[in-house]
Amino acid sequence: MNNKCAKNGKVIIFSAPSGAGKSTVVNHLLKKFHWLGFSVSATSRELRGTEKNGIDYYFFTTEQFRDKIANNAFIEYEEVYEGRFYGTLKSEVSRLWEEGKIVVFDIDVKGAVNLKQQYGDNALTIFIKPPSLETLKERLVKRGTDSSQSIKTRIEKAMNELSYSDKFDVVLVNDNLQECLASAERITQDFYNNKL
Ligand code: 5GP
């Protein structure tokens, strides 16, 4: 087997309540390890802040999203918030595997559990946990990209998401960011080296 294909079929799936620091961890790992490739999800939600189509998400209208569902284009999808769909395109995962990458997902807890069932031992699921709900709320307010109603919705959702943490292979508490990043690096490297 040549080196390009050696890691084919492997995936690392990150989930966390929004504001737990998941994007920071994922972006750090993508910069550090060239053999990781980010799975850009599709969504029917509006573009936010500095986000770019094709980089942060593939932004679809609800109708376009429903068409993709009908055409069986997704490995998994969820209505993460009411009326707002998020999903992983099959084409996105094949593209990254063809490049010889380990695919990194940033998806919700249900999507993560779903993909773990599909990929089994080829999948490593990592839950990033905020130290507390209070800290989570402070982070969301500080981020400044959500309205107070949206923050309330996200906190309510976080309480539900936390109950899924025991279904994950690894739980990382993001209390101290540097320590959390170091643990994420170690775990990712071990998975790459088939030690996990
Ligand atoms: P946001 O609107 O903050 O970008 O994302 C909201 C939630 O949707 C996050 O928990 C994020 O991980 C999740 N999400 C993003 N892409 C996907 C996807 O492809 N599938 C699923 N199931 N959830 C996703």
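Residues numbered from 1 in each chain as written. Predicted model: local features only at pLDDT ≥ 70, side-chain atom pairs only at ≥ 80, totals over all residues. Heavy atoms only, no water.

Can you help me understand the overall build of the protein in this one?
Across its full length, the protein holds 7 helices and 9 strands. Here the C-alpha atoms of the protein give a radius of gyration of 16 Å, agreeing with the 16 Å that 2.2 N^0.38 yields for 196 residues. Once the C-alpha set of the protein is aligned to its principal axes, its extents read approximately 50 × 40 × 30 Å. Looking at the 196 residues of the protein, the share that counts as buried comes to 47%. A separation of at least 24 residues holds for 67% of the contacts in the protein among residues at least 6 apart in sequence. Counting every atom, the protein has about 10500 Å² of accessible surface; 47% of that belongs to carbon and sulfur. Across the protein, the centroid of the 28 positively charged side chains sits 3 Å from that of the 26 negatively charged ones. (Helix = DSSP H or I, 4+ residues; strand = E, 2+ residues; numbered from the N terminus. Rg over C-alpha atoms; globule rule 2.2 N^0.38 Å. Buried < 20%, exposed > 50% of the residue type's maximum accessible area, 1.4 Å probe, protein only. Contact = heavy atoms within 4.5 Å. Areas by Shrake-Rupley, 256 points an atom, 1.4 Å probe, with all protein chains shown as cover. Lys, Arg positive; Asp, Glu negative; His and termini not counted. Charge placed at Lys NZ, Arg CZ, Asp CG, Glu CD.)

Before we go on, may I ask you to explain helix 4 (residues 109-119) in this structure?
The α-helix winds at 3.6 residues per turn, so residues separated by three or four positions along the chain end up facing the same way. Those residues of helix 4 not exposed but buried are Val109, Gly111, Ala112, Leu115 and Tyr119. End-on, the buried residues of helix 4 take up no more than an arc of 155 degrees, which puts them together on one face. Here the buried face of helix 4 lies against strand 1 (11-15), strand 5 (74-81), helix 3 (90-98), strand 7 (102-106), strand 8 (123-129) and helix 6 (148-162). Immediately beyond the C-terminal end of helix 4, within one or two residues, lies glycine 120, with a positive phi of roughly 55 degrees. (Arc of directions from axis to C-beta.)

Could you clarify how one ought to interpret the site of the ligand in this entry?
Close to the ligand lie 17 residues, the nearest being Ser41, Arg45, Tyr57, Tyr86 and Asp108. The contact in question runs from a nitrogen atom of the ligand to an N or O atom on the side chain of glutamate 76, over 2.7 Å. Relative to its unbound accessible surface of 510 Å², the ligand loses 95% to contact with the protein. Every element with two or more residues in the shell around the ligand is listed here: strand 5 and strand 6 (84-89). In terms of residue count, the dominant contributor to the shell around the ligand is strand 5 (4 residues). When grouped by side-chain class, the residues that make up the shell around the ligand number 5 nonpolar, 4 polar and 8 charged. (Near = heavy atom within 4 Å. Polar contact = N/O pair within 3.5 Å; in protein donor to acceptor, adjacent residues only side chain to side chain. Nonpolar A, V, L, I, M, F, W, Y, C, P; charged D, E, K, R; others polar.)

What should I look at first to understand the side chain of serine 39 in this one?
Within the element layout of this structure, serine 39 appears in the loop between strand 2 (36-38) and strand 3 (41-43). Discounting residues that sit within four places of it in the chain, serine 39 has contacts with Thr88, Glu92, Leu96, Val103, Val104 and Phe105.

Explain the sheet that holds strand 3 here, please?
Taken together, the 4 strands give an open sheet; going across it, the order is 4-3-6-5, and neighbouring strands pair in mixed fashion. Each edge of the open sheet is held by one strand with a lone partner, namely strand 4 (57-59) and strand 5. Averaged over all adjacent pairs, the angle separating strand axes in this sheet is 25 degrees, with direction ignored. Relative to strand 6, strand 5 runs antiparallel, the two sharing 6 bridges. Paired with tyrosine 77 across the bridge in strand 6 is glycine 87. Across the sheet, helix 2 (residues 62-70) lies against strand 3, strand 4, strand 5 and strand 6, angled at about 40 degrees from strand 6, the strand it touches most. Packed on one face of the sheet, helix 3 meets strand 4, strand 5 and strand 6 and runs near 35 degrees to strand 6. (Pairing = 2+ DSSP bridges. Axes fitted to C-alpha atoms, helices over the stretch in contact; angles between N-to-C directions.)

Would you mind showing me how to read the packing of helix 1 (residues 22-32) against helix 7 (residues 177-192) here?
The geometry of helix 1 relative to helix 7 is characterised by a closest axis approach of 10 Å and an angle of 50 degrees between their N-to-C directions. Between helix 1 and helix 7, the interaxial angle falls into the category oblique. In this structure, helix 1 crosses over helix 7, and the sense of that crossing is right-handed. When helix 1 is examined against helix 7, the residues Thr24, Val25, His28, Leu29 and Lys32 are found in contact with a partner set consisting of Leu177, Cys180, Leu181, Ala184, Glu185 and Thr188. In terms of residue class, the contact of helix 1 with helix 7 is built from 6 nonpolar, 3 polar and 2 charged. (Parallel < 35°, antiparallel > 145°, perpendicular 65-115°, else oblique. Left-handed = near helix turned anticlockwise from the far one by under 90°.)

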